[in-house]
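Commentary on secondary and tertiary structure
Residues per chain, in single letters:
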Amino acid sequence: MRPTPSIKDFTAEEDLLGFFGPGSVTWRVHSDPAFSVGGIRALLLQALHPIAMDGVHQFSTGFTTDPWARLTRTAEYVATLTYGTRRDALRVVRRVRGLHRDKSAVEGTTGRRYNVDDADLLLWVHNCEVDSLLSTARRAGVPLTDADADRYVEEQVTAAVLIGAEEDDVPRTVAELEAYFDGVRARLAVTPAARAASRFILLPPMPGWVQLLTPARPAWSTLASLGAATLPRWARQLYGLPGFGLTDAAATAGLRAFRQTALAVPVRVRESPIVRAARVRVAAAEPISAC
């Protein structure tokens, strides 16, 4: 596994722009309201890999004891990697790689001994995220050409390599991404750990006052339902969810309606602080680029 790059490897301008920058497809996909649905879809898809899911079950104690904190940390990691400076991105990458280091176990259903940072497991998590975020964005109506989609997959190779995947194994086009899932499907299953994780994702525990006094429960239910409905048909069938063609059409219609409703909210409200800060930072750096 290659070491994490050093900030000394980049210029000051590259640091300010981050690893992707405002002209990237990554910024377009990750700033769209469909991103939240894609994130839930990714979690459900990731849980279908027995080894990767066992790693979460064995070592991510926060998944059951403090699930909201864990989900928040995951969202912050993706946001920092996408919109932060390279210095900030490398800081969170090193933290996550440190958490993965020296953790190993044996998965009961397969008998495989694994390390949490095995390259194939990191690749699985990465590919689930890329496929989910891209798929939901396109189905939600984000204007992306086929060339844009391939460019997004290519851009995300950077994210995979930073976290420890082998660069030669990472898909660079939509076709390569599809081929990866075709090749791995036979090894996927709904283990007890995956079943428990999916129940948490679809119906997470919430304090009584939150359920009674806020719209958190119905809001999450909408996102979770869309995340599950937009899974590939084979994944829905593994979970025992409806797998008919009508589900795909209904899910796409629901996703588009959700996106249009979200886009009606003012940008200053729906965009996260880290996205707004990135836009301000990059705008301030433009005069430097022009020199």
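Above this note sits the structure.
Remember, predicted model here, so these are calculated numbers, not experimental data. Sequence order as written defines the numbering, with residues in each chain counted from 1. Local features are withheld for residues below a pLDDT of 70 in this predicted model, meaning they are given only at 70 or higher, and side-chain atom pairs are given and counted only at 80 or more; totals for whole chains, interfaces and linings count all residues. Only hydrogens and water are set aside; all other atoms, that is, all heavy atoms of the structure, feed into the side-chain values.

**Focus on helix H12 (residues 192-202)**
At 3.6 residues per turn, the α-helix brings residues three or four places apart onto the same side. The following threshold applies: Throughout, exposure labels follow a simple rule: accessible area from a 1.4 Å probe, protein chains only, divided by the maximum for the residue type, with under 20% read as buried, over 50% as exposed, and the rest as partly exposed. The way it works is that DSSP assigns letters per residue, a run of H or I at least four long becomes a helix, a run of E at least two long becomes a strand, and they are numbered from the N terminus. Directions from the helix axis toward the C-beta atoms define the arc.
Those residues of H12 that fall on the buried side of the exposure criterion are Ala193, Ala194, Ala197, Ser198, Phe200 and Ile201. Along H12, the residues classed as buried sweep out an arc of 160 degrees about the axis, all on the same side. Turned more than 90 degrees away from the buried face of H12 sit Pro192 and Arg199, all of them exposed.

**Points about unusual backbone geometry**
In this structure, aspartate 102 takes a positive phi of about 65 degrees despite not being glycine. Its place among the elements puts aspartate 102 in the loop between helix H7 (86-100) and strand E1 (104-106).

**Considerations on the packing of aromatic side chains**
Short version of the rule: Two aromatic rings from Phe, Tyr or Trp, using only the six-membered ring of Trp, form a pair when their centres are within 6.5 Å; if the ring planes differ by under 30 degrees the pair is stacked, by over 60 it is edge-to-face, and anything between is tilted.
Per the counting criterion, the structure on display carries five aromatic pairs. Taking the centre distance of 5.5 Å and the plane angle of 90 degrees together, the rings of phenylalanine 10 and phenylalanine 19 count as edge-to-face. Looking at phenylalanine 10, the relative accessible area reads 19%, which means it is buried. Given a relative accessible area of 13%, phenylalanine 19 falls into the buried group. An angle of 65 degrees between the planes, with centres 5.8 Å apart, marks the rings of tryptophan 124 and phenylalanine 181 as edge-to-face. You can see tryptophan 124 sitting in helix H8 (residues 119-140) and its partner phenylalanine 181 sitting in helix H11 (residues 174-184), a full 57 residues away along the chain. This pair shows no difference in class: tryptophan 124 is buried, exactly as phenylalanine 181 is.

**Considerations on the environment of alanine 284**
Relative to the helices and strands, alanine 284 is located in helix H18 (residues 273-290). Judged by its relative accessible area of 55%, alanine 284 is exposed. With 268 residues separating them in the primary sequence, alanine 284 and leucine 16 have C-alpha atoms 9.4 Å apart.

**Looking at the layout of surface pockets**
Gaps between atoms show up when a probe of the same size as a water molecule is rolled over them. Using the following cut-off: A 1.4 Å probe that fits but cannot get out identifies a cavity on a 1 Å grid over protein atoms alone, an open set with protein on both sides within 12 Å along at least five of seven lines counts as a pocket, and a residue lines either if it has an atom within 4 Å of a point. Grid points are joined across faces, edges and corners, and a volume is the space filled by probe spheres set on the points. In this classification, the charged set is Asp, Glu, Lys and Arg, the nonpolar set is Ala, Val, Leu, Ile, Met, Phe, Trp, Tyr, Cys and Pro, and all remaining amino acids, among them Gly, are polar.
There is about 330 Å³ of room inside the second largest pocket. Along the walls of the second largest pocket sit 18 residues, with Arg41, Asp131, Ser135, Glu178 and Pro232 positioned nearest its centre. Mapped by element, the contributors of at least two residues to the lining of the second largest pocket are helix H3 (34-46), H8, H11 and helix H15 (233-239). Here the residues of the lining of the second largest pocket are counted per class, giving eight nonpolar, two polar and eight charged.

**Looking at helix H16 (residues 245-263)**
To keep it simple, the criterion reads: To estimate the expected span of a helix, subtract one from its residue number and multiply by 1.5 Å.
The first and last C-alpha atoms of H16 sit 28 Å apart over 19 residues, in line with the 27 Å expected at 1.5 Å per residue. All of the buried residues in H16 are Thr247, Asp248, Ala251, Leu255, Arg259 and Ala262. Burial along H16 is one-sided: seen end-on, the buried residues are contained in an arc of 100 degrees. Residues of H16 that are exposed and point more than 90 degrees away from the buried face comprise Leu246 and Thr261.

**Considerations on the nonpolar core**
This is how the line gets drawn: By convention a nonpolar core is built from buried Ala, Val, Leu, Ile, Met, Phe, Trp, Tyr and Cys residues, the set being connected through side-chain atoms within 4.5 Å. Contacts are residue-level and defined by heavy atoms, with any inter-residue pair within 4.5 Å sufficient.
Ranked by size, the top nonpolar core spans 57 residues in total, and within it Leu45, Trp124 and Phe181 carry the most contacts. With nine residues, H8 is the single largest residue contributor to this core. For leucine 45, the contacting residues outside a window of four places in its chain are Trp124, Cys128, Asp131, Ser132, Phe181, Leu231, Pro232, Trp234 and Ala235. In this structure, Phe20, Tyr77, Val78 and Leu90 belong to the second largest nonpolar core, which totals 19 residues.

**Quick notes on the pattern of salt bridges**
Applied cut-off: Every case where a carboxyl oxygen of Asp or Glu lies within 4 Å of a side-chain nitrogen of Lys or Arg is listed as a salt bridge.
Inspection of the entire model under this criterion finds 14 salt bridges. Linking aspartate 88 and arginine 91 is a salt bridge whose minimum nitrogen-to-oxygen distance equals 3.8 Å. With a gap of three residues between them, aspartate 88 and arginine 91 both fall in helix H7, about one helical turn apart. Two residues, aspartate 120 and arginine 112, come together in a salt bridge whose shortest N-O distance is 3.0 Å.

**With respect to empty space enclosed by the protein**
Evaluated as defined, the whole model comprises one cavity of 30 Å³ or more. If you add up the space inside the largest cavity, you get close to 40 Å³. If you tally residues by element for the lining of the largest cavity, the top one is helix H6 (residues 67-83), at three residues. Split by residue class, the lining of the largest cavity holds four nonpolar, three polar and one charged.

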